[in-house]
Amino acid sequence: MALYEREQARLAALMEECLLEDDNDVTAIHYDDASDPDEEDILETDDHNSDTEQDISDDDVDDNDDSALYFLGKDNQSKWNKHCPRKNVRTRAVNKISDMPGAKPAMKGTKSMLDIWQHFLDADILRAVVAYTNKHIESVRDNYARERDAKLTDITEIQALIGLLYLAGALKSNRLNVEDLWNNQGTGIEIFRLVMGKNRFLFLLQNLRFDDMETRDERKRVDKLAPIRDFFDTFVSKCKLAYSPFENITIDEKLEAFRGRCAFRQYIPSKPNKYGIKIFALADSKTYYTVNMEVYLGKQPDGPYATHNSASEVVRRLCEPIRGSCRNVTCDNWFTGVDLIHRLLNEYKLTFLGTIRKNKRELPIEFSKPTGRPIGSSIFGFQKDLTLVSYMPKPKKNVLLISSLHHDDIVSPSGKPEMILDYNASKGGVDTVDKLCASYNCARNTRRWPMVIFYAILNVAGINSMVLYFSNNIDIQMTRRKFLKTLSFFLIENHLRTRLQTQNLPRTMKDRIKELTGVPAPNQEPPVATRGRCSYCDRRKNRPTRITCKKCFKFICGEHTLHLCLDCFSEHIEHA
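Computed from a predicted structure; not experimentally measured.

(A) Structural context of the side chain of Thr133. Here Thr133 lies in helix α3 (residues 123-140). In terms of polar contacts, Thr133 uses its side chain to reach the backbone carbonyl oxygen of Val129, at 2.7 Å. Beyond its immediate chain neighbours, meaning those up to four positions away, Thr133 contacts Thr153, Asn207, Leu208 and Arg209.

(B) Structural context of the packing of aromatic side chains. Under the defined criterion, the tally for this structure stands at 22 aromatic pairs. Seen in terms of ring centroids, Phe280 and Trp334 are 6.0 Å apart; in terms of plane orientation they differ by 15 degrees. Their pairing is stacked. Note that Phe280 is positioned in strand β9 (residues 275-284) and Trp334 in the loop between β11 (328-331) and α11 (338-347), a separation of 54 residues in sequence. You can call Phe280 buried: its relative accessible area is 2%. Trp334 sits in the buried class, given a relative accessible area of 5%.

(C) View of the state of the cysteines. Per the stated rule, a full pass over the model turns up zero disulfides. In this model Cys331 remains outside any disulfide bridge; the closest cysteine sulfur is found in Cys319, 6.9 Å from its own.

(D) Molecular detail of the pattern of salt bridges. Considering all chains together, one arrives at 21 salt bridges under this definition. We note a salt bridge from Glu190 to Arg512, for which the minimum N-O separation is 2.8 Å. A residue pair is termed long-range when its members are at least 10 positions apart, and Glu190 in helix α6 (residues 190-195) and Arg512 in helix α17 (residues 507-517) qualify at 322 residues. Taking the shortest distance from any N to any O, the salt bridge between Arg323 and Glu320 comes out at 3.2 Å. A residue is classified by how much of its surface remains accessible, and Glu320, at 39% relative accessible area, is partly exposed. One network of salt bridges, with partners in common, ties together Lys135, Asp212 and Glu214.

What counts, and at which threshold
Residues numbered from 1 in each chain as written. Predicted model: local features only at pLDDT ≥ 70, side-chain atom pairs only at ≥ 80, totals over all residues. Heavy atoms only, no water. Helix = DSSP H or I, 4+ residues; strand = E, 2+ residues; numbered from the N terminus. Polar contact = N/O pair within 3.5 Å; in protein donor to acceptor, adjacent residues only side chain to side chain. Contact = heavy atoms within 4.5 Å. Phe/Tyr/Trp six-rings, centres within 6.5 Å; stacked < 30°, edge-to-face > 60°. Buried < 20%, exposed > 50% of the residue type's maximum accessible area, 1.4 Å probe, protein only. Disulfide = S-S within 2.5 Å. Salt bridge = Lys/Arg side-chain N within 4 Å of Asp/Glu carboxyl O.

Below, the structure written as structure tokens:
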């Protein structure tokens, strides 16, 4: 009987340890960097290291007692049960997403490619850009000798400008010299010349503005992002309203290349570009739709835009659009903290999966410094809502993952824990978005940092539009390159039709525009005059003629007339 009572007491103690929850978590490391609020050239170095594998030093030791029922964290408070709790057969309530992935009701029936893109950059946004751009053009108009060199713009022309940027990206010519794009010796791109002149293209890019220059200095006192704040926030709000992501989302950073003067420019040696503007993003790890974005601005001045830049605060702000949706968030070790995981689970109804740095105080010494373990081995630790795993993929390397999504110690046939396989499958959402942006990048060289953010928005808008287009048109298959080329033509088509009204546009260009846009040629009647000047001869020759073309009724001289006999003409018509 005494043996039975001791066994019951041991089981009761074991159950108590399984239900134990630690309420004394240490908050995440604060990464708040100070910067000058004035518009200066400030370069910050980011120590973001997202490597999954962490090194093990030779002097690591293991002093804990393996015979205990739990692992004790380095803070001497966090307890991790060694034994897996009883597996739950039913799906947990926190893993049942509340809304189905795909287009939201507002965009469900939108099937047109142009209409979908215009949801993200609608007429109101473009009208504001046109107003600010025209105001700036008026302020610099006196610098141009001819009035036509500084004409005001409109929505149709701004859309055409964006269409040319997309087309240059789709053709991988975004960094190509403008002279080469507009070259008329056979090596240029014809449609660029048809849409607008080279000087007009450069003029619009040079004078493009997204805010009122007269009030910018006042707004910059409380917001470093003032030159493009309204444009950026409006675009992000449109992204939130259009699409519901799948069950796994990723939070990570992307670096937009820029080496000019900027008060919040970053240096991240692990990134391909190294210098640039850092943007935090929340993206669907399956479709790569970007739901939310936030530009890292360093320490903001006191005011309505002042925010904390700690990793946990960044994650919480990015997760607001999916709050309460029971999705899973995947992050790397820069964002991960035990306190953050608990807050996401309890306040946001979101699970978490990510790598964690070995210096966290909640981790047991056996996990952060696993010396003497064989290659391919794994150890697990369990709390009420958390699972911790340490995996040894190779000598001197350790992979640490923590999850509120997993509650077991399942290991795949390959020897890797299931947690690691799920992390590898869902960690690349933002990185893939970054690669997609780089593959058909529409950004051009610039010295103005607001233009860098503008190009980043165009790239994301192109990807999000494609995701929505395929979601609403499941029977259509198209490469991204073809999608961007088609979208670019839709954006420039109206401007091409408008340009047909230009009086001094060469006839050959007008004919080509009519051919591209499908505008029917008007029925021409033969000229009343019996004599006229040859259409192909130089005006200095002043060569009159009575001969006209039987199709377009142009006057042509004998030098520019091709004589064919009836048989050859019939043969030419057959082969035409």
